[in-house]
Amino acid sequence: LDIVGFQDSIAELFGFLKGNSGSSTLLQKLDAFDNYLMSHSTNTCYLALLLGMKLERYLIDERCLKPAREAKDLHLLGLGCLLHDVGKMLVPKAILNKPGRLDAAEMAEMRRHTTYGYDLVRRNVPANAAQVVLNHHQRWDGSGYPGRIDPRTREAMPPLAGKQIPVFSRIVIVADVYDAATSQRCYSDAKLPVQVLHEMRNRCQGFFDPEVASAFYRTVPPFPIGQVVTLSNGAEAAVVDFNPDCPARPKVKCLRAPGEPSGAHTAHEEIDLNVCRDVEVASVDGQDVRPYTACQQAADPEPVMA
C-alpha cells in the first residue's frame, strides 16, 4: 500500500468535508439513519481509493479533458463513495430492511435510491461526486440502472454502458458489490472473500470495466492477511502475505501440523503455496473453499491500455 498517497487522498477528502457543510450534514444524517449504510459506505470508500491509486494512469487517460494532476485527484471519488447510498434514506425502511426477496414494485422503489440520492447531493457536492451517487449501479454491458430520458422527445433511453459511464462510477460499482456481499445484511449472511471474488468473476461477467476489474483482483486477496485456514494436508495456518500473480496461493504460517492437537507448540513454518504446489487452501471456518479457487489460481493478465 502506498501509505503516503493514501494519506494524501484521505486528507484531501476530509479537507473538502470540513469546508462543505452540505455534504457533512448528509453524512451525519446517513449515519443516524442506518449504521450499516454508513459502515458500508466507509468500506466502499476505502476500497475505491485503493483502486483509484492503482489506476492512476487509467484515470489520467479516461479524464483526458482535465489536467493530469486534477484527473488523478481522488477526493471526489471518495466523497461520491461516502454518499453513494444516501438516497436509501428516502426508501421506506420496510423495503430497505425486508429479510426476504423484494417483489417487482419493491425492487423498483429500491432502485430509485440512485436518483433520490442524486437529487439530495447535486446542489451540495461537485458534479463528479454527484455522478457517483447517480451512476454507481451502471454496468459495463448496459444492464444497470437508472435509465435516461431523452431531453428532446422525453422518451426513455437505455442506461449508460461501457465508457459512457463516468470512470469513478466504474470503480465504485466493483467496490460496492464486493463489500455488500462480504457484509452481514438483513436478507443474507456475509460470504467469505474467496467466495465473493469467485462469484464476481463468474456471475457478474459484463458488469465491470475490465481494466478496473483486473486492478481489483490484483488488489483484494481471496484470503485476507491474518485469516486462519486449513490446508489440504490437514495443517492449520494463518495467511501472512498475498501473491497478486496467483491470488489463491498465498504465503501462510503453520499454526498446527496435520494431526497435531490444538494448542500444541508446533514450529511456525512459513509456506509459499505458490511454490509448494502440492498443498492448497482447503477450507475456512469449516467451509470447503476449493470450488472457489480454481479460477483464482492465476491472476488475470494485465490488460492492454486503450
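This text goes with the structure placed above it.
Since this is a predicted model, take the numbers as computed values, not measurements.

### Observations concerning the pairing of strand β7 (residues 281-284)
Residues in a regular strand project their side chains so that they alternate between the two faces of the sheet.
Reasoning step 1: Pairing of strand β3 (residues 228-231) with β7 involves 2 bridges; the strand directions are antiparallel. The partner of Thr230 across the bridge, within β7, is Ser283.
Reasoning step 2: Where β7 meets strand β8 (residues 287-288), 2 bridges bridge the pair, whose relative direction is antiparallel. Looking at the pairing, Ser283 lines up with Asp288 of β8.
Reasoning step 3: Linking β7 back to β8 in an antiparallel pair, the connection comprises 2 residues, with Asp285 at a positive phi of about 50°.

### Here we look at the state of the cysteines
Reasoning step 1: Under the definition given, this model contains 0 disulfides.
Reasoning step 2: Not part of a disulfide, Cys81 finds its nearest cysteine sulfur in Cys45, a span of 5.3 Å.

### Here's the deal with the packing of helix α3 (residues 35-54) against helix α11 (residues 167-181)
Reasoning step 1: Where α3 contacts α11, the axes come no closer than 8 Å and their chain directions differ by 130°. Taken as axis vectors, α3 and α11 run oblique relative to one another. Classified by chirality, the crossing of α11 by α3 is right-handed. On α11, the residues that touch Tyr36, His40, Asn43, Thr44, Leu47, Ala48, Leu51 and Gly52 of α3 are Ile171, Val172, Ala175, Asp176, Tyr178, Asp179 and Ala180.
Reasoning step 2: Per-class residue counts for the contact of α3 with α11 are 9 nonpolar, 4 polar and 2 charged.

### Observations regarding the environment of Pro210
Reasoning step 1: Locating Pro210 in the fold gives a position in helix α13 (residues 210-217).
Reasoning step 2: Judged by its relative accessible area of 48%, Pro210 falls in the partly exposed class.

### Thoughts on the pattern of salt bridges
Reasoning step 1: What the rule picks out here adds up to 15 salt bridges.
Reasoning step 2: Put simply, Glu62 and Arg170 hold a salt bridge, and the shortest N to O gap is 2.9 Å. Of this pair, Glu62 sits in helix α4 (residues 56-62) while Arg170 sits in helix α11, and the two are 108 residues apart along the sequence.
Reasoning step 3: For Arg170, a relative accessible area of 4% puts it in the buried group.
Reasoning step 4: The residue Arg170 makes a salt bridge to Asp209 at a minimum N-O spacing of 2.9 Å. One end of the pair, Arg170, is in helix α11; the other, Asp209, is in the loop between α12 (193-203) and α13, with 39 residues separating them in the sequence.

### Things to note about the nonpolar core
Soluble globular proteins: nonpolar side chains tend toward being buried together.
Reasoning step 1: Ranked by internal contacts, the top residues of the largest apolar core, which has 60 residues, are Leu79, Phe208 and Phe216.
Reasoning step 2: Apart from residues no more than four positions distant in its own chain, Leu79 is found in contact with Leu13, Phe16, Leu17, Ser23, Val125, Pro126 and Ala129.
Reasoning step 3: The next biggest cluster of nonpolar side chains, apart from the first, holds 17 residues, and it includes Val229, Val239, Val252 and Val279.

### Focus: the side chain of Asp34
Reasoning step 1: Residue placement: Asp34 occurs in the loop between α2 (21-33) and α3.
Reasoning step 2: The side chain of Asp34 is buried and forms no salt bridge, while Lys93, the nearest opposite charge, is found at 5.4 Å.
Reasoning step 3: A distance of 3.1 Å separates the side chain of Asp34 from the backbone nitrogen of Leu37, its partner in a polar contact.
Reasoning step 4: Not counting the four nearest positions on each side in its chain, Asp34 is found in contact with Leu96 and Asn97.

### Describing the pairing of strand β5 (residues 251-256)
Reasoning step 1: Strand direction decides the pairing type here: strand β4 (residues 236-241) and β5, joined by 5 bridges, are antiparallel. Within β5, the residue paired with Val239 across the bridge is Val252.
Reasoning step 2: Relative to strand β6 (residues 270-272), β5 is paired through 3 bridges, and the arrangement is antiparallel. Bridging from a neighbouring strand, Lys253 pairs with Glu270 of β6.

### Here we look at α13
Reasoning step 1: Burial runs high along α13: 7 of the 8 residues are buried.
Reasoning step 2: Residues of α13 that are buried: Glu211, Val212, Ala213, Ser214, Ala215, Phe216 and Tyr217.
Reasoning step 3: Contacts made by the buried residues of α13 are with α3, α4, α11 and α12.
Reasoning step 4: The N-cap of α13, judged by a side-chain oxygen 2.9 Å from the amide nitrogen of Glu211 a few residues on, is Asp209.

### Quick look at the packing of aromatic side chains
Reasoning step 1: Within the structure shown, the criterion is met by 3 aromatic pairs.
Reasoning step 2: Ring centres of Tyr178 and Phe216 lie 5.5 Å apart, and the angle between their planes is 70°; on these two criteria the pair is classed as edge-to-face. Of this pair, Tyr178 sits in helix α11 while Phe216 sits in helix α13, and the two are 38 residues apart along the sequence. Take Tyr178 and Phe216: they sit in the same class, and that class is buried.
Reasoning step 3: Ring plane angle 80° and centroid distance 6.2 Å describe the contact between Phe207 and Phe208, whose orientation is recorded as edge-to-face.
Reasoning step 4: In this structure an aromatic cluster arises from ring pairing among Tyr178, Phe216 and Tyr217.

How each quantity is defined
- Residues numbered from 1 in each chain as written.
- Predicted model: local features only at pLDDT ≥ 70, side-chain atom pairs only at ≥ 80, totals over all residues.
- Heavy atoms only, no water.
- Pairing = 2+ DSSP bridges.
- Helix = DSSP H or I, 4+ residues; strand = E, 2+ residues; numbered from the N terminus.
- Disulfide = S-S within 2.5 Å.
- Axes fitted to C-alpha atoms, helices over the stretch in contact; angles between N-to-C directions.
- Parallel < 35°, antiparallel > 145°, perpendicular 65-115°, else oblique.
- Left-handed = near helix turned anticlockwise from the far one by under 90°.
- Contact = heavy atoms within 4.5 Å.
- Nonpolar A, V, L, I, M, F, W, Y, C, P; charged D, E, K, R; others polar.
- Buried < 20%, exposed > 50% of the residue type's maximum accessible area, 1.4 Å probe, protein only.
- Salt bridge = Lys/Arg side-chain N within 4 Å of Asp/Glu carboxyl O.
- Core = buried A, V, L, I, M, F, W, Y, C linked by side-chain atoms within 4.5 Å.
- Lys, Arg positive; Asp, Glu negative; His and termini not counted.
- Polar contact = N/O pair within 3.5 Å; in protein donor to acceptor, adjacent residues only side chain to side chain.
- Phe/Tyr/Trp six-rings, centres within 6.5 Å; stacked < 30°, edge-to-face > 60°.

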